[in-house]
Amino acid sequence: MTDPLLEARKVTKRYGHVHALQGADFTAYPGEVVALIGDNGAGKSTLVKTLSGTIRPDEGEVLVDGKPVQLGSPLDARKYGIETVYQDLALAQDLDAAANLHLGRELYRGGLLGRLGVLDRAAMRRSAVAAFRELGVDLRDVGVPVAALSGGQKQSVAVARAVVFANRIIFMDEPTAALGVVQRGRVLDTIKRVRDRGIAVVLISHNMPEVLSVADRVEVLRLGSRVARLTAADTTVEELVGAMTGALDAAGKEGAA
Ligand SMILES: Nc1ncnc2c1ncn2[C@@H]1O[C@H](COP(=O)(O)OP(=O)(O)OP(=O)(O)O)[C@@H](O)[C@H]1O
């Protein structure tokens, strides 16, 4: 088996008396879609934030290519090729879709040498139009503020931003939650295409049929710990739900965590 790209080992995160993560483990391999599932409050978003540099764990280790790393910020995570589609999308509402696609990675006239110069809005617009077209994102005008877009369009912009720049790992926290059937299908196709580029896609979803249709593996969190690792092709929706709720423990069928 290939070596893990990204690992969390025994990660703990407390908020006051709440133990959001209690010695949580997680592994992502190159070129796979791994779903991270768990009931509400299981710790999924907290784990993703830890692995994408948004929060620091109280204890435990994060490893990239088998080496411990300190992810002090999302910018640090980006340096390791880690991109994230957050649940709240993290879009700048008053900027347009093209500017959001390039947020923090703006293009300047004169290329890198022009970094202190003038933003190259036309170049950003062209690259945004090309990216949205390739991903099948239906935006009539990439120049209107994101605040004026529908929930689904906003979600598509956030997904496109991660997909365009990711080179190793993408975390997607509920990337299809606001989408209709057609756009949902496009995002799932995009996830598979990104996986086929050798990138690890970590999908957080409450939609179990969707998880089984797109994921290669599933890791299950319960009460802040990993309780199961399952191969999607050998797993049913009932087994996923059982692992999330603990019912499988009683049946003695739980996968090795
Ligand atoms: N900033 C915070 N301050 C206080 N408690 C928090 C904070 N963030 C998360 N928690 C708590 O940590 C626990 C895990 O939350 P988290 O959002 O990681 O779960 P989740 O599995 O992503 O849930 P959901 O599926 O509902 O999004 C919950 O009990 C939550 O209330």
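The sections below set out a description of the structure shown in this document. In this text the structure is predicted, and so the values were computed from the model without any measurement. (Residues numbered from 1 in each chain as written. Predicted model: local features only at pLDDT ≥ 70, side-chain atom pairs only at ≥ 80, totals over all residues.)

A few words on the site of the ligand. Around the ligand, the neighbouring residues are Tyr-15, Val-18, Ala-20, Gly-38, Asn-40, Gly-41, Ala-42, Gly-43, Lys-44, Ser-45 and Thr-46. Mapped onto the shell around the ligand, the elements with two or more residues apiece are strand E2 (18-28) and helix H1 (44-51). Of the residues contributing to the shell around the ligand, the split by class is four nonpolar, six polar and one charged. (Near = placed C-beta within 6 Å. Helix = DSSP H or I, 4+ residues; strand = E, 2+ residues; numbered from the N terminus. Nonpolar A, V, L, I, M, F, W, Y, C, P; charged D, E, K, R; others polar.)

Ordered in space as E6-E7-E8-E3-E9-E10, the six strands form an open sheet in which the pairing is mixed. Each of the sheet's edge strands pairs with one partner strand only, and the pair in question is strand E6 (82-85) and strand E10 (225-231). Here the average twist between neighbouring strands, direction ignored, is 20°. Of the strand pairs in this sheet, strand E3 (residues 33-37) and strand E8 (residues 200-204) are connected by four bridges, and their pairing is parallel. Following the sheet pairing, Leu-36 is matched in E8 by Ile-204. Packing against the sheet, helix H5 (residues 151-165) makes contact with E6 and strand E7 (169-173), and its axis sits at approximately 170° to E6. Together, E3, strand E9 (217-222) and E10 form the strand contacts of helix H8 (residues 237-245), whose direction differs from that of E9 by roughly 30°. (Pairing = 2+ DSSP bridges. Axes fitted to C-alpha atoms, helices over the stretch in contact; angles between N-to-C directions. Contact = placed C-beta atoms within 7 Å.)

As a further point, take the sheet that holds strand E5 (residues 67-69). Ordered in space as E2-E1-E4-E5, the four strands form an open sheet in which the pairing is antiparallel. Across the chains shown, the open sheet's two edge strands, defined by having one partner strand only, are E2 and E5. On average, adjacent strands in this sheet sit at an angle of 35° to one another, irrespective of strand direction. Two strands pair when backbone bridges link them, and strand E1 (residues 6-15) and E2 are joined in this way by seven bridges, in the antiparallel orientation. Looking across to E2, one finds that Arg-14 is bridged to His-19.

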